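Working through the structure, step by step
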Amino acid sequence: MHPQLLPTYHSNFSGSPLIAFAPGRINLIGEHTDYQEGFVFPAAVKQGIWVAIQKNDIRSCRLISADFGQEFSFDLDSFTPKKGHWANYAMGMCALMKQSGYEVKGFDMVIGGNIPVGSGLSSSAALSVGIGTAISALFDFDIPKKNLALYAQKSEHLYAGVKCGIMDPYASAFGREGKALLLDCRSNTHQEIPVHLGNYSLILVNSKVKHSLADSAYNKRREACEESVRLLQANYPEIITLRDLSISDLGKIEEILPKSFFPKAKHVITECDRVHEAAKALQSGDLITFGRLLDASHTSLSQDFEVSCPELDFLAQIATSMPEVLGSRMMGGGFGGCTINLVRTDFLEKFKSHIQIGYEKRFLKSPEFIPVEVFEGARML
Ligand code: GLA
């Protein structure tokens, strides 16, 4: 539990609050495929966001961030999102619930989390899903998890301006201890795959790079994929997204698409294939193949999809040069954030010191190491 959550609640509001928790997520493989209705392979982690909530008898919602020491109120009958403000996520979830017919009433809420900022563990999805879970429980709405994930995605589109896919809120909502979710982003359904890593562990390395244009670059990549689909539909009238194409189509696709678009389409098509291969490899305990697929994903994201950066390339390359590391790749939207690494557990300390020394020498700053465990999704505590 977040140490400041309840003290902050009790010193500002009355009554005893309900508490919701929603985790951040990692993604084993399947990057920039969700918004093309492709396949992804995320899992929820232990780090996340706690939300304390109780009804009040006014039409206002009063929020406090225990981490930022900031307060914010909005009126349920007329509110305007404030560009870049954390409270937008609460306004967004309320707006979407109200649109769906849920009678949201006034509440007091305190929010606190332990997801390292800018790490790419998707704190914004955890925040939205946590808020949604809390409001749903408080007013007995019993909103299905899938709908909460869809509201969280839409809220990010409308209130943060990022045209993200469903992966992050879905993983936060549906995560299961010890299981990764093989998620089909067309049907929005998943299969749970046990994550047995034997003598190996997952560790994230945060490059501490935050690209200021990452959001607009993300939207541009999405548009490039959508434009490729339009161009390809002349020859492939049956396709709806790039997910409908397979590796055997690549030769023909290369002839149709302009040079600037083809590698991006190639990434999405090959990445969907890697997701299936990786799920198979993990299920059969073939960690070597699983690790190779992570490496191949990085190469494709960096060279074909062009969403990496020198820091992430360096981290992935130095990691894969160590025989005790089975795989390494950038994770999430890109242009900064973390790499995810599959490292032999008894080598973790050496792994960290090699990376630290190399990264500091090259970029004159320290990376951050974030151990992760695959854990349960959003819940009331
Ligand atoms: C961000 C988005 C996700 C997904 C990843 C890239 O995390 O929120 O929807 O597109 O980037 O795989």
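Residues numbered from 1 in each chain as written. Predicted model: local features only at pLDDT ≥ 70, side-chain atom pairs only at ≥ 80, totals over all residues. Heavy atoms only, no water.

1. Some remarks on the overall build of the chain
Selection rule: Numbering of helices and strands starts at the N terminus; helices are DSSP runs of H or I of at least 4 residues and strands are runs of E of at least 2. A radius of gyration in this sense is built from C-alpha atoms; the matching globule rule multiplies 2.2 Å by the number of residues raised to 0.38. To sort residues, take the accessible area from a 1.4 Å probe on protein chains only and compare it with the maximum for the residue type: under 20% means buried, over 50% means exposed, and anything in between is partly exposed. When checking whether two residues touch, look at their non-hydrogen atoms; a contact exists if any pair is within 4.5 Å. Accessible surface area values rest on a Shrake-Rupley calculation with a 1.4 Å probe, where residue burial reflects the displayed protein chains alone. His is not counted, nor are the chain ends, whereas Lys and Arg count as positive and Asp and Glu as negative. To locate a charge, the coordinates of NZ of Lys, CZ of Arg, CG of Asp or CD of Glu are taken.
Scanning the chain for helices and strands turns up 11 helices and 13 strands. Computed over the C-alpha atoms, the radius of gyration of the chain is 21 Å, within 12% of the 21 Å expected from 2.2 N^0.38 for a compact globule of 381 residues. Across its three principal directions, the C-alpha atoms of the chain cover 65 × 55 × 40 Å. The buried share of the chain, reckoned over its 381 residues, is 59%. Counting contacts in the chain only where the partners sit at least 6 residues apart, residues at least 24 apart contribute 71% of the total. Total accessible area computed for the chain in this model is approximately 15800 Å², and 50% of it derives from carbon and sulfur atoms. Side-chain charges of the chain comprise 38 positive and 42 negative groups, with the mean position of each set lying 2 Å from the other.

2. Points about the sheet that holds strand β10 (residues 325-330)
How we decide: Here, strands pair whenever DSSP counts at least two bridges between them. Axis definition: a line fitted to C-alpha atoms, limited for helices to the stretch in contact. Angles are taken between N-to-C directions and run from 0 to 180 degrees.
With antiparallel pairing, the four strands of this open sheet are ordered in space as β10-β11-β9-β12. The open sheet has two edge strands with one neighbour each: β10 and β12 (368-371). For this sheet the average axis-to-axis angle between neighbouring strands, irrespective of direction, equals 25°. Two strands pair when backbone bridges link them, and strand β9 (residues 200-210) and β12 are joined in this way by four bridges, in the antiparallel orientation.

3. Quick word on the domain arrangement of the chain
Reports often express the size of an interface as the amount of accessible area lost when the parts come together. Just so we agree on the cut-off: An automatic or database domain assignment is the source of the domain bounds shown. One side-chain nitrogen of Lys or Arg within 4 Å of one carboxyl oxygen of Asp or Glu is enough to make a salt bridge. We call two N or O atoms a polar contact when they sit within 3.5 Å, provided that within protein one can donate a hydrogen and the other can accept it, with sequence-adjacent residues counted only if both atoms are side-chain atoms. Residue polarity is assigned by list, with Asp, Glu, Lys and Arg as charged and Ala, Val, Leu, Ile, Met, Phe, Trp, Tyr, Cys and Pro as nonpolar; anything else, Gly included, falls into the polar class.
Per the domain assignment, the segments of the chain are domain 1 (5-195) and domain 2 (200-372). Domain 1 and domain 2 are separated by 26 Å when their C-alpha centres are compared. The interface of domain 1 with domain 2 comprises 38 residues on the first partner and 46 residues on the second. Our count for the contact surface shared by domain 1 and domain 2 stands at three salt bridges. With a closest N to O distance of 2.7 Å, arginine 186 and aspartate 244 form a salt bridge. The interface formed by domain 1 and domain 2 contains 21 residue pairs in polar contact (both at pLDDT 80 or more). Elements with a minimum of two residues in the side of domain 1 that touches domain 2: β1 (18-27), β2 (39-40), β3 (42-55), β7 (179-184) and β8 (189-194). Tallied by class, residues from the side of domain 1 that touches domain 2 come to 17 nonpolar, 14 polar and seven charged.

4. As for the pairing of strand β6 (residues 107-113)
Where burial is concerned, most of β6 is hidden: seven out of the seven residues are buried. Neither face of β6 is exposed, since Phe107, Met109, Ile111 and Gly113 on one face and Asp108, Val110 and Gly112 on the opposite face are all buried. Summarising the sheet, β3 and β6 pair through seven bridges and their orientation is antiparallel. Bridge pairing in β6 places tryptophan 50 opposite glycine 112. Sheet topology note: the strand β4 (residues 60-65)/β6 ladder contains five bridges and is parallel. Directly across from cysteine 61, in β6, lies its bridge partner phenylalanine 107.

5. With respect to the site of the ligand
Here is the rule we go by: Near is defined per residue: the residue qualifies when any heavy atom it owns lies within 4 Å of the molecule or strand.
All residues in the neighbourhood of the ligand are listed as Arg25, Glu31, His32, Asp34, Tyr35, Cys164, Gly165, Met167, Asp168, Tyr218, Gly332 and Gly333. Here the ligand loses 91% of its free accessible area of 300 Å² to cover by the protein chains. Of the residues assigned to the shell around the ligand, the class counts are four nonpolar, four polar and four charged. Viewed by domain, the shell around the ligand spans two of them, domain 1 (5-195) and domain 2 (200-372), each represented by three or more residues.

6. Focus: the sheet that holds β2
In spatial order, the strands read β2-β7-β8; together these three strands make up an open sheet with antiparallel pairing. Only two strands of the sheet have a single partner each, and these edge strands are β2 and β8. Bridge count between β2 and β7: two bridges; the pairing is antiparallel. Residue pairing across strands places phenylalanine 39 opposite aspartate 184, the latter belonging to β7. Across the sheet, helix α8 (residues 262-283) is in contact with β2, β7 and β8; its angle to β8 comes to roughly 40°.

7. What about the nonpolar core?
Stated precisely, the cut-off is as follows: Here the nonpolar core consists of buried residues drawn from Ala, Val, Leu, Ile, Met, Phe, Trp, Tyr and Cys, with membership extended through side-chain atoms lying within 4.5 Å.
Membership of the largest hydrophobic core comes to 84 residues, with the highest contact counts inside it found for Ile26, Phe41, Phe74, Phe107, Ile131 and Ile135. Per-element tally for this core: the top contributor is helix α2 (residues 88-99), with eight residues. When residues of this core are assigned to domains, at least three map to each of domain 1 (5-195) and domain 2 (200-372). Membership of the second largest hydrophobic core comes to 29 residues, among which are Ala217, Val268, Ile269 and Phe305.

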